[in-house]
Every structure is written in structure tokens, then in C-alpha cells.
Amino acid sequence: MAELMLFRRDEDGRDVELPGSTVALEVELQRRVEGGLEQMLGIRFLASDYPTGPWHRGRIDTLGLDENGSPVVIEYKKGSDSGVLSQAVSYLSWLESAHHEVEALVRKVLGSEAAESIDWRRPRMVCIAASFSHHDRVAGQRLPERIDLVRYRAFKGDLLSLLLVDSSPGSPSAASPRPWT
């Protein structure tokens, strides 16, 4: 796996590697990425900590729409957590049953035009963590959903790096763009 290295010139003109680290709190990473979501990932922000109800029992860290109008579930982990992938898949399952709810949210946040052009065929999940295991990467390739595994590092000087370490295009679902109209 590629390791991102970041260098800064010291007083003597030599390049010195900056040591990367993880964030102290997961919410720090979430707020930082949400603040630059469109610039960093090409995703329009819809909501933070969005509740999925009693059946799925969770909160989606960040919910958004990508440049193609596909819904995106983003999950963050400050370290390495093998549960991030299963958690995101569970939230994609919720997404399948919540078309009307998501459409109402999109209408409220981005307007009617965006709500009417949601592409439900290819929802996507983005998992952002300090690292991913070999098993996470294999699972991501085997699942039919679109999955991006993004490794982050925080650096001195308020620098943040995001590195796409694996991406699975998934397979289009048989669902029509507007199944319940």
C-alpha cells in the first residue's frame, strides 16, 4: 500500500519528513472534511449525524450527494476499525428504504431540482480512517456497492491528507431512478 510522505524544507534547505498522526477525536476529522466536502471529495453536504431509525440503530456520520446525483454515506474512524465497512453497508441498506426521506432532505438543503434528479441506482459509501486492513480491502472489492476507502493523516501546520487507497465501482442495482413515485 502506498504511504503518503510529506516534507518541509528546514532552515538549512534540506527536506525533512513531517510525521503524520491521527486526530484526537473522530468528530475533529468529520468537521474538517465536512467543511471542505465538495472541494475534497466532490460531494455536496446534506447532513451530519443523520439518524437511521430504530431498525438500523445508528447515525450516518455524513450524508451527501456526489457529482452524479448519487447518495453518499460517509463514515469516519479516527484509527483503524474493521467495523467501518459493515457500518457503512448497514447505512446503505437504510438508504434503500428511505428514498422519500432522503428526497425531502435533499429538497430542503439543495432544492427541488437536486431532489428530482437523485440517481438511486448507484449509491456510494466513503470510509475515511487512519488505515484499513487487508480484509477491509478484500471485502470492499467483493461487495456489489460502490465503496471508496480513504486513508487520512493529520500533519503539523494544520495540514490534512486524504489518500484513496482502494475504490470499488460496484455494480448498478436493478432499481429504477424513482422506484416509488
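Cut-offs and rules
Residues numbered from 1 in each chain as written. Predicted model: local features only at pLDDT ≥ 70, side-chain atom pairs only at ≥ 80, totals over all residues. Heavy atoms only, no water. Helix = DSSP H or I, 4+ residues; strand = E, 2+ residues; numbered from the N terminus. Rg over C-alpha atoms; globule rule 2.2 N^0.38 Å. Buried < 20%, exposed > 50% of the residue type's maximum accessible area, 1.4 Å probe, protein only. Contact = heavy atoms within 4.5 Å. Areas by Shrake-Rupley, 256 points an atom, 1.4 Å probe, with all protein chains shown as cover. Lys, Arg positive; Asp, Glu negative; His and termini not counted. Charge placed at Lys NZ, Arg CZ, Asp CG, Glu CD. 1 Å grid on protein atoms, 1.4 Å probe; cavity = no way out; pocket = protein on both sides within 12 Å on 5 of 7 lines; lining within 4 Å. Points joined across faces, edges and corners; volume = space filled by probe spheres on them. Nonpolar A, V, L, I, M, F, W, Y, C, P; charged D, E, K, R; others polar. Pairing = 2+ DSSP bridges. pLDDT = per-residue confidence, 0-100.

What to know about the overall build of the protein
Here's step 1: When its secondary structure is counted, the protein shows seven helices and eight strands.
Here's step 2: Relative to a compact globule of 181 residues, whose C-alpha radius of gyration would be 16 Å, the protein shows 18 Å and is just as compact.
Here's step 3: Along the longest, intermediate and shortest principal axes, the C-alpha atoms of the protein span 65 × 35 × 30 Å.
Here's step 4: Burial status across the protein gives 42% buried among its 181 residues.
Here's step 5: Long-range pairs, those at least 24 residues apart, make up 57% of the contacts in the protein between residues at least 6 apart in sequence.
Here's step 6: For the protein, the computed accessible surface area is about 9,800 Å², with 52% contributed by carbon and sulfur atoms.
Here's step 7: Here the protein carries 22 positive and 27 negative side-chain charges, and the mean point of each set is 1 Å from the other.

Some points on empty space enclosed by the protein
Here's step 1: Counted according to the given criterion, the structure contains one cavity of 30 Å³ or more.
Here's step 2: Estimates place the volume of the largest cavity at around 30 Å³.
Here's step 3: Every residue along the wall of the largest cavity is listed here: Asp136, Arg137, Gly140, Gln141, Ile147, Leu149, Asp166, Ser167 and Ser168.
Here's step 4: For the lining of the largest cavity, the secondary-structure elements that each account for two or more residues are α7 (134-142), β7 (146-155) and β8 (159-168).
Here's step 5: Among the elements that take part in the lining of the largest cavity, α7 stands out by supplying four residues, more than any other.
Here's step 6: When its residues are assigned to classes, the lining of the largest cavity shows two nonpolar, four polar and three charged.

Thoughts on the pairing of strand β2 (residues 15-18)
In the case of a regular strand, side chains alternate between the two sheet surfaces.
Here's step 1: Pairing geometry for strand β1 (residues 6-9) and β2, over four bridges, is antiparallel. The residue bridging phenylalanine 7 from the neighbouring strand is glutamate 17, located in β2.
Here's step 2: Where β1 folds back on β2, the antiparallel hairpin that results is connected by five residues, among which glycine 13 adopts a positive phi of roughly 85°.

As for the confidence of the model for the protein
Here's step 1: Here the protein averages 86 in pLDDT, while 91% of its residues score no lower than 70.
Here's step 2: Counting interchain partners and residues more than four positions distant, the pLDDT-below-50 stretch residues 174-181 has 14 contacts.

Some remarks on the environment of proline 71
Here's step 1: Note on placement: proline 71 falls in strand β5 (residues 71-77).
Here's step 2: Under the relative-accessibility criterion, proline 71 is labelled buried at 1%.
Here's step 3: The sequence separation of proline 71 and glutamate 38 amounts to 33 residues, and the corresponding C-alpha distance is 14 Å.
Here's step 4: Not counting residues within four places of it along the chain, the set of residues in contact with proline 71 comprises Gly64, Leu65, Leu95, Ile118, Asp119, Trp120, Pro123 and Arg124.

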